[in-house]
Amino acid sequence: MTIARPDPDPDFGAVRQVPRTPSGLFPSGPPTRPTYREPHPVTGGGVAAGGGAAAGWLLLFGLLGTDVASYAWWTVFAGLLAWVTALVLVRYGDRGVATGVAIVTAGGWSIAAAVVAVRWATSGDWPLW
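Residues numbered from 1 in each chain as written. Predicted model: local features only at pLDDT ≥ 70, side-chain atom pairs only at ≥ 80, totals over all residues. Heavy atoms only, no water.

Topic: the overall build of the protein
Scanning the protein from terminus to terminus reveals 3 helices and 0 strands. Counting across all 129 residues of the protein, residues that qualify as buried make up 21%. Of the contacts made within the protein by residues no fewer than 6 positions apart, 60% connect residues no fewer than 24 positions apart. (Helix = DSSP H or I, 4+ residues; strand = E, 2+ residues; numbered from the N terminus. Buried < 20%, exposed > 50% of the residue type's maximum accessible area, 1.4 Å probe, protein only. Contact = heavy atoms within 4.5 Å.)

Here it is as structure tokens:
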């Protein structure tokens, strides 16, 4: 005589569907983690303000020069101070203003280098020493 016993787990051999977590490529809803935002985002106004301030700064120091050599050295000095300020702004302040300062300072150095090159080409004498 065979005694039929009831199966203790009726789903024992069945394959269970485990809910999948999305990969993130196609998000299914709002993010589960917080979204961090930059405290000082780069804006066009900040870049323009930094560029204007750096242009005024370089102009102020460039006007101290009485000849090509002194103009070039004053511009190099003013540019170094401006870049130190830009580095401080990148770390502790507005990155947009720092970007404007760095771009205009590089442009000011390029103008000073062009002035020195033109003087050197026309006179045949190196004007910085």
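Still to come is the rest of the account.
Thoughts on the packing of helix H2 (residues 68-92) against helix H3 (residues 95-123)
Look at H2 against H3: their axes get within 9 Å of each other, and the N-to-C directions meet at 165°. In this view, H2 runs roughly antiparallel relative to H3, as classed from their interaxial angle. H2 and H3 meet at a crossing whose hand is left-handed. For the contact of H2 with H3, a count of residues per class yields 20 nonpolar, 4 polar and 2 charged. (Axes fitted to C-alpha atoms, helices over the stretch in contact; angles between N-to-C directions. Parallel < 35°, antiparallel > 145°, perpendicular 65-115°, else oblique. Left-handed = near helix turned anticlockwise from the far one by under 90°. Nonpolar A, V, L, I, M, F, W, Y, C, P; charged D, E, K, R; others polar.)

Brief notes about the packing of aromatic side chains
Within the structure shown, the criterion is met by 8 aromatic pairs. Through successive ring pairs, a cluster of aromatic residues spans Trp57, Phe61, Trp74 and Phe77. (Phe/Tyr/Trp six-rings, centres within 6.5 Å; stacked < 30°, edge-to-face > 60°.)

Digging into the side chain of Thr75
With respect to the helices, strands and loops of the structure, Thr75 is situated in helix H2. When near neighbours in sequence (up to four residues on either side) are disregarded, Thr75 contacts Leu58, Gly62, Gly108, Trp109 and Ala112.

Some points on the side chain of Ser70
Examined against the element boundaries, Ser70 turns out to sit in helix H2. Relative accessible area serves as the criterion here: at 18%, Ser70 is assigned to the buried category. Within polar-contact distance, the side chain of Ser70 engages the backbone nitrogen of Thr66 at 2.8 Å. A distance of 2.6 Å separates the side chain of Ser70 from the side chain of Asp67, its partner in a polar contact. (Polar contact = N/O pair within 3.5 Å; in protein donor to acceptor, adjacent residues only side chain to side chain.)

Topic: H3
Given a rise of 1.5 Å per residue, 29 residues ought to cover 42 Å, and the 42 Å separating the end C-alpha atoms of H3 matches this to within 8%. All of the buried residues in H3 are Gly96, Ala98, Gly100, Val101, Thr105, Gly108, Ala112 and Val116. Contact partners of the buried residues in H3: helix H1 (44-62) and H2. Regarding H3, its N-cap is Asp94, as a side-chain oxygen of that residue lies 3.1 Å from the backbone nitrogen of Gly96 further along. (Expected span 1.5 Å × (residues − 1).)

Regarding the packing of H1 against H3
The packing of two helices is summarised by the inter-axis angle and the distance between the axes. It is the contact of H1 with H3, at a shortest axis distance of 6 Å, that shows an interaxial angle of 40°. Judged by the inter-axis angle, H1 sits oblique to H3. The chirality of how H1 crosses H3 is right-handed. Residues Gly46, Val47, Gly50, Gly51, Ala54, Ala55 and Leu58 of H1 pack against Gly96, Val97, Thr99, Gly100, Val101, Val104, Thr105 and Gly108 of H3. By residue class, the composition of the contact of H1 with H3 is 7 nonpolar, 8 polar and no charged.

A word on H1
In a regular helix each residue adds 1.5 Å, so 19 residues correspond to 27 Å; H1 covers 26 Å between its end C-alpha atoms and thus fits that length. For H1, the set of buried residues is Gly46, Gly50, Gly51, Ala54, Leu58, Phe61 and Gly62. Buried residues along H1 cover an arc of 130° about the axis, so they all sit on one side. Exposed residues on H1 whose side chains face more than 90 degrees from its buried face are Gly44, Gly45, Ala48, Ala53, Leu59 and Leu60. Where H1 is buried, its residues meet H2 and H3. (Arc of directions from axis to C-beta.)

All quantities given are derived from atomic positions and should not be read as evidence of function.
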